[in-house]
Amino acid sequence: MNIDVNKNAFKIDLPEDVKFVINQIEKNGHSAYAVGGCVRDTLLNKKPQDWDITTSALPTQVKSFFRRTIDTGIEHGTVTVMIDKTGYEVTTYRIDGEYKDGRHPESVEFSVRLSDDLSRRDFTINAMAYNETDGLVDEFGGITDLNNKIIRCVGVAKDRFSEDALRMMRAIRFSAQLGFDIEETTMKAIYELAPTINKISMERVHVELGKTLVSANPERCLLYSKTGLFKEILPLIDEALTNKHVNKTLKALKHIPDDYDLNLTLRMRYALLFSSLGSESATKTLKDLKMDNVTIKLVASIIDASQNEIAETEPAIREALRRLGSDIFYLSLDYQKALTLAASDLTGITNPVKLSHYENLRKMAKEIIDRGDCFSIKSLDISGNDLLEFGLSGKDIGKTLEYLLDLCIENPRLNEKSTLISMIPRD
Ligand code: ATP
Ligand code: MG
């Protein structure tokens with residue numbers, strides 16, 4: 001990519017709503033620009049997730065210029081302007097006060113100068129603003145860094161990371177999302193200040209780590225251990241990223257199916273991240289990260305499900321489907337395939353036997369499911385109530401159902417009510 005450094009040479013096609021918001025503010029005698037991630041992403045030909053606007057107008061003024069607004073964070077200068085059903089965050093130019101805790105400024109001060117606002121931003125590529133009146137405002141060499149694929153702090157890196165330690169993780173996260181390198185002094189400052197990441201809440205760490213893992217370059221999460229960022233706060237991930245299996249783990253992160261959505265990608269990559277340590281370590285760490293319970297359970301189940309070999313016979317597959325459920329069964333195959341492909345990446349030797357084993361298991365499971373074979377108590381042609389009527393009670397009912405299911409797993413043709421009744425053990 002090469003963006004012409006002459007700022008007048010290009011024009012960003014702002015969405016109509018964004019133009020409207022900026023025009024409306026300008027009509028009222030203030031300046032306003034699209035700023036930050038949306039400018040960066042547009043210059044990279046990526047579709048921005050959202051459009052943020054920065055302005056000289058104070059929040060109360062912004063509110064008076066539009067029909068529908070929401071007080072999102074008035075004290076920090078942010079008002080959300082609603083245009084139809086879409087919200088646009090409009091924030092007054094800000095100078096952040098002193099950061100005493102390494103997390104939040106003690107105070108924020110509003111400013112009338114755009115350059116004040118740009119200089120509080122984290123990286124040069126995130127510190128550009130654009131409107132149709134002035135074109136691109138790039139005071140910190142953001143375009144040059146975009147062209148050279150570099151993440152560089154605005155100002156003195158050590159100072160910027162001392163203000164807000166989360167920025168160290170953001171540098172690595174953007175590097176993974178964009179495939180950019182981290183500039184040398186910025187990187188050195190991360191090594192130096194890594195222990196201060198303990199000031200940051202796990203919820204915020206979790207967001208950055210998640211964005212890194214679902215990115216196009218998830219293997220860059222290695223930087224979290226190399227720099228020392230995870231040493232204290234996430235020691236088990238640190239271990240997974242330093243032990244002798246790390247290269248395989250990192251390669252495996254890339255081998256997940258194309259059709260996965262973001263949620264599934266995240267869960268599978270967490271499972272793979274813990275492939276060398278096991279489900280207990282995964283569960284503990286994901287709890288520390290305040291991950292949701294569905295994710296924690298799924299990640300642990302994928303890892304555990306992959307411990308046992310499954311034979312290529314229908315009863316063995318039905319038994320596995322009974323134990324795991326079909327979702328985990330298939331996910332476990334994807335997980336094992338990723339690890340097999342990763343091993344091949346490292347050795348240069350492919351493993352067609354293993355790969356076709358996973359493919360066969362997948363095909364056979366699909367046939368079993370499509371045919372409607374019984375592999376759960378629920379799908380037995382007999383119920384607990386039937387057994388009650390038959391004179392069974394208490395624990396015997398559960399035990400009998402399990403016994404009948406065992407028989408059906410061996411031979412699904414037995415799943416017919418009268419046949420099942422004839423097989424109830426009598427003593
Ligand atoms: P994305 O939303 O795609 O993750 P983004 O660049 O929009 O990326 P946000 O976290 O939405 O990132 O923040 C919007 C902008 O606010 C950034 O581009 C940056 O200019 C600024 N910013 C966000 N967080 C910080 C921070 N911790 N320190 C300094 N500036 C920040
Ligand atoms: Mg954003």
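Below is a summary of the structure that appears in this document. (Residues numbered from 1 in each chain as written. Chains lettered and ligands numbered in written order. Predicted model: local features only at pLDDT ≥ 70, side-chain atom pairs only at ≥ 80, totals over all residues. Heavy atoms only, no water.)

We now examine the sheet that holds strand β5 (residues 86-92). Strand order in the open sheet formed by seven strands is β3-β4-β5-β2-β1-β8-β9, with mixed pairing between adjacent strands. Looking at strand neighbours, the two that pair on one side only are β3 (69-73) and β9 (135-137), the edges of this open sheet. Neighbour-to-neighbour, the strand axes of the sheet open up by a mean angle of 35°, direction not taken into account. Note: strand β1 (residues 32-35) against strand β2 (residues 52-55), four bridges, orientation antiparallel. Each residue of the ladder has a partner; that of A34, found in β2, is I53. In this fold helix α1 (residues 16-27) packs onto β1, β2, β4 (78-83), β5 and β8 (129-131), with an angle of close to 150° to the strand it touches most, β1. (Pairing = 2+ DSSP bridges. Helix = DSSP H or I, 4+ residues; strand = E, 2+ residues; numbered from the N terminus. Axes fitted to C-alpha atoms, helices over the stretch in contact; angles between N-to-C directions. Contact = heavy atoms within 4.5 Å.)

At a minimum axis separation of 8 Å, helix α13 (residues 246-254) and helix α18 (residues 326-347) run at an interaxial angle of 120°. Judged by the angle between their axes, α13 and α18 are oblique. Helix-helix and strand crossings are classified by hand; for α13 and α18 the assignment is right-handed. Contacts from N247, K248, K251 and A252 in α13 reach A338, L339, A342, A343, D345 and L346 in α18. (Parallel < 35°, antiparallel > 145°, perpendicular 65-115°, else oblique. Left-handed = near helix turned anticlockwise from the far one by under 90°.)

A few words now on the environment of Y260. With respect to the helices and strands, Y260 occurs in the loop between α13 and α14 (262-273). In this structure, Y260 is in contact with T265, M268, L331 and D334, ignoring residues within four places of it in sequence. Separated by 2.6 Å, the side chains of Y260 and D334 make a polar contact. (Polar contact = N/O pair within 3.5 Å; in protein donor to acceptor, adjacent residues only side chain to side chain.)

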